[in-house]
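# Architecture at a glance
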Amino acid sequence: MLAAMKTRWAFGVTLIEVLVVLAVLGILTAVAAPSFADILNRQRVQMVAAELSNDLAFARAEAGLGGKRNDVIVSFGQPAGMSCYTIRYFGASGGCDCSRPPGNACTGQTAELRTVQIPSSKGVHLRLTGQFDPFEPNSISFQHPRMTNSVAGFAVKVIGLRGAQLQVQVNTMGRVSTCAPSGSTMSGVPTCASS
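Residues numbered from 1 in each chain as written. Predicted model: local features only at pLDDT ≥ 70, side-chain atom pairs only at ≥ 80, totals over all residues. Heavy atoms only, no water.

This part takes up the state of the cysteines. Counting across every chain of the model gives three disulfides. Here C84 engages in a disulfide with C98; their sulfurs sit 1.9 Å apart. Judged by the sign of its S-S torsion, about 50 degrees, the bond between C84 and C98 is right-handed. Here the residue C84 occupies a position in strand 2 (residues 82-89), and C98 occupies one in the loop between strand 2 and strand 3 (112-119), the gap between them amounting to 14 residues. Looking at C98, the relative accessible area reads 7%, which means it is buried. Sulfur-sulfur distance for the disulfide between C96 and C106 comes to 1.8 Å. (Disulfide = S-S within 2.5 Å. Helix = DSSP H or I, 4+ residues; strand = E, 2+ residues; numbered from the N terminus. Buried < 20%, exposed > 50% of the residue type's maximum accessible area, 1.4 Å probe, protein only.)

Following this line, the structure appears as structure tokens:
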């Protein structure tokens, strides 16, 4: 009978063993959680940079095709709680405010093509670092029909947490590229020539 009891207990788990396993799992979770958060933030930075790059290329193409036969302007803003930008045709009157809801950001004769809002709660924001259109503050315009931009050296940094950042830049011909500025923790992206 004693032998039968010993075999039954041999398959059980003691409270100490359970506590040791929970402690090890707690330590592993504490170590893995910050790196998982970094991975998510890097992905957000990549997604925002890719969307911005695509939108700048769209604005350039729209200036070349331009159903309205006007320049296309991309205006950036930093209202409280977000970063945003609006792509629009140059209009004779009215203006745009990217803090207003998409589809209603522009007034007057200004035709809105697209408005993008990036809430600060996502851990990503935009910072303009290059040259801007002299007639449109915090903007770049693509000129119809040449599709070239209004300024040389236009750049926007997409900044996340813990050093995750990418730079989206437009050369004098209007071509868009993405690179990693100095100090960035992003890998797999060419380093910016001068950041």
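Alright, that's what it looks like, and here's the rest.
Right, let's talk about the side chain of T86 for a bit. Inspection of the secondary structure assignment puts T86 in strand 2. Note on T86: relative accessible area 1%, which makes it buried. Beyond its immediate stretch of four places on either side in the chain, T86 contacts I73, V74, S75, C96, C98, A105, C106, E112, R114 and T115. (Contact = heavy atoms within 4.5 Å.)

For the rest of this paragraph, the subject is the side chain of T148. Note that T148 resides in the loop between strand 5 (139-142) and strand 6 (154-159). Take T148: its relative accessible area is 15%, and that puts it in the buried class. Each residue touching T148, except ones within four places of it in the same chain, is listed here: S141, F142, Q143, T172 and M173.

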